[in-house]
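Topology and contacts: notes
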Amino acid sequence: MFRHNDGYPIVLTSEIATASDTFGASVVGFASAIPENYFRRRIAHMFFRVSSDREGRVKRAPYGLAKVEAALLHYGFSRSDVVIASPYKLDRVIGPRTRIVGIYTMDALGLSYGSGILYWVLKLADLPYRGLPYIARSFMEVVEHPAIKAHKDHIKVVVGGPATWQLVDTGAWQKLGVDVVYEGSFENYGPVLFERILKGEDVRGRVVNSKPPSVEEVPTIVTPSIGGIVEVTRGCGRGCAFCTPTLSGMISSFPFEGHIDKEIITNIEKGGFKSITLHSEEFFRYGAKGIDPNPDKVKELVVKAYKLIKRYGEDYRLHTDFTTAAVVVQAPELVKFVGEYMNEGGDWSFIEMGIETGSPRLLNMLMAGKAKPFTPRQYPDIVEQAVGILNDNRWVVVGTMILNLPGERDEDVAASLELLDRLRKYRILTFPLPFIPMGALRKRDFTVLDKMIEDPLRRELILKALIKSMEEAVRSVELIVGNMENIVAKLIIRRISLFAFNLVLSRYKAKLGQLGEHSAEFIRKLASAAWDISKSPVRIPIDEANQ
Ligand code: SF4
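This report concerns the structure included in the present document. Going along each chain's sequence as written, the residues are numbered from 1 onward. pLDDT decides what is reported in this predicted model: residues at 70 or higher carry local features, side-chain atom pairs at 80 or more are listed and counted, and totals for whole chains, interfaces and linings draw on all residues regardless. Side-chain measures were taken over the full set of non-hydrogen atoms in the model, leaving aside hydrogen atoms and water.

**Concerning the pairing of strand E10 (residues 275-279)**
Cut-off, in case you're wondering: When a residue's accessible area, from a 1.4 Å probe over protein chains only, is under 20% of the maximum for its type it is buried; when over 50% it is exposed; and in between it is partly exposed. Helix and strand definitions follow DSSP, with helices as H or I runs of at least four residues and strands as E runs of at least two, each counted in order from the N terminus. A pair of strands is labelled paired if DSSP reports no fewer than 2 bridges between them. Assignment of crossover handedness uses the view with strands pointing away from the viewer, where a clockwise path from the first strand over the helix to the second indicates a right-handed crossover.
Of all 5 residues in E10, 5 are buried; the element is thus mostly enclosed. In the sheet, E10 pairs with strand E11 (residues 317-320) via 4 bridges, with the strands oriented parallel. By the bridge assignment, Thr277 is partnered in E11 with His319. Tracing the backbone out of E10, into helix H13 (residues 295-310) and back to the parallel element E11 gives a crossover that is right-handed.

And the structure:
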């Protein structure tokens, strides 16, 4: 008879920071980008806890990994073939029967935007930065786990998830003993690949790239997802040059009955969540066929989901996570309608919105779809209006602005500075994100980040964006720790967060004062060239621009 200490044939896991639901408040997970000189291993393990049963099966999993498990079960594997395991308990699930260890990664080498911004946050506050971001360290802990090493002669290590590009572009995967890198959606080809591995086929040394599946091919999760996440759309269709094919491809929406409702129920009944996040790259376009929103479909979804969660109690809440500026300005009445359900009773919540640039020229070159149906020249106005509409409906906006995009010139940075200035009066956290070119990636060369903060114009943008973010973070601290389930941890994290936000904020203000700012007149004159989109008539494919 099968004993579990013989191991499961397929063990799924992820880096520790990604496997943890950080006490129920996934928004606190940004701490995973903090470098290891602030996170000793023991402290990190206390912070990044992972709930699991004695055997090692997790109670909640990262959404992407829960989807991998769902696809395998749907294909015909059973729960005794597949386990999503805590990275702390791999020794309990890996054994002589194990053939595949699948590792899901969000930031394997610490090269994500999140790790880049933390680098700036610390450097600009004159705080030391040593070693790897914790998330990357915790990937190493898993990929080099003694249980994997002990059984390596009969195990294939397969790595998937949003950060696989880091392993491929740097070539690090082979050195780390990874047999297969799986890029793209799992549903289409993943189960077939796993079956071939189980049959003994030699698949080592492959980078697999799979196309997005159709909506009908995506099964529902069985293990609850961290953050109470339920995916309602996939793709957005705006086609930004730096986005992944999975997301930039055409938008498709999952049906409520038999799909979204099932995942909500799983998260509430098995996962114990009181807050459900309807995940989408662009929530207000749920049910849309083209670029225009379909308000009836969005309203129907929200009303049905709201009624479902309220069956469990008045204190159950509904949220969403992403939008674009354009759709908010296109459908302000819809935003108001949804806000009445999601931010009921005067509550506020966060919503992410990729601003990326204030430069019509750069927008036209790399992400013209972001402004549609408006024009690139209207985009800065659209962003300001959208933030205002979202604030009016009690959403605090988390707005990202990317620096160092291919083809970026000083006038583009000046245009972003102008937009940032216009956003000062709103409730928004403006996060400056570094675009790291391929060459730098290969060497894990963060000097590119140093160069950006040495340049007076870019440093001014980064400092001003961080000052605005930290001011809003102080104001929004209750929202940041809001979902934390453990009261003691909540109090401690709240305190530490406030201390850290205020500390870096005062240092940024002092630094901006010492270094001085460019005059408004200088910025205005410089930015004027960014409005001439005839200077950038050609769209640059990002791969060419990187060379
Ligand atoms: S709007 Fe966002 S999700 Fe859509 S293509 Fe652009 S970056 Fe990707």
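Having put the structure on the table, let's press on.
**Some points on the pattern of salt bridges**
Filter applied, for reference: By definition here, a salt bridge exists when the distance from a side-chain nitrogen of Lys or Arg to a carboxyl oxygen of Asp or Glu is within 4 Å.
In total, this model carries 38 salt bridges according to the counting rule given. One salt bridge connects Glu187 with Arg234, and the closest N-O pair in it is separated by 3.2 Å. Here Arg234 lies in strand E8 (residues 233-234) and Glu187 lies in the loop between strand E5 (180-184) and helix H10 (190-198), a separation of 47 residues in the sequence. Glu187 gets classed as buried once you look at its relative accessible area, which sits at 12%. For Glu201, the salt bridge goes to Arg196, with nearest N and O atoms at 2.6 Å. Under the relative-accessibility criterion, Glu201 is labelled partly exposed at 32%. The exposure class of Arg196 is partly exposed, given its relative accessible area of 25%. Through salt bridges with shared partners, one network takes in Lys310, Glu314, Arg317, Glu344 and Asp347.

**Looking at the sheet that holds strand E3 (residues 100-104)**
Test applied: Note on definitions: angles span 0 to 180 degrees between N-to-C directions of axes, and those axes are lines fitted to C-alpha atoms, for helices only across the stretch in contact.
Taken in spatial order, the 6 strands of this open sheet run E2-E1-E3-E4-E5-E6, and their pairing is parallel. In this open sheet, the two edge strands, each paired with only one partner strand, are strand E2 (82-84) and strand E6 (206-210). Neighbour-to-neighbour, the strand axes of the sheet open up by a mean angle of 20 degrees, direction not taken into account. The pairing of strand E1 (residues 10-14) with E3 spans 5 bridges and is classified as parallel.

**Focus: the nonpolar core**
Note the cut-off: Here, the term nonpolar core denotes a set of buried Ala, Val, Leu, Ile, Met, Phe, Trp, Tyr and Cys residues that are joined through side-chain atoms within 4.5 Å. Any two residues whose heavy atoms approach within 4.5 Å at even a single point are treated as in contact.
Counting 154 residues, the largest nonpolar core has Ile260, Ile264, Leu278, Phe283, Phe284 and Tyr508 as its most contacted members. With 9 residues, helix H21 (residues 456-475) is the largest single contributor of residues to this core. With residues up to four places along the chain from it excluded, the contact list for Leu278 reads Val230, Val232, Ile260, Ile264, Phe283, Leu301, Ala305, Leu318, His319, Thr320, Asp321 and Met342. Counting residues in each nonpolar core, the second largest holds 27 residues, with Val58, Phe77, Val158 and Val203 among its members.

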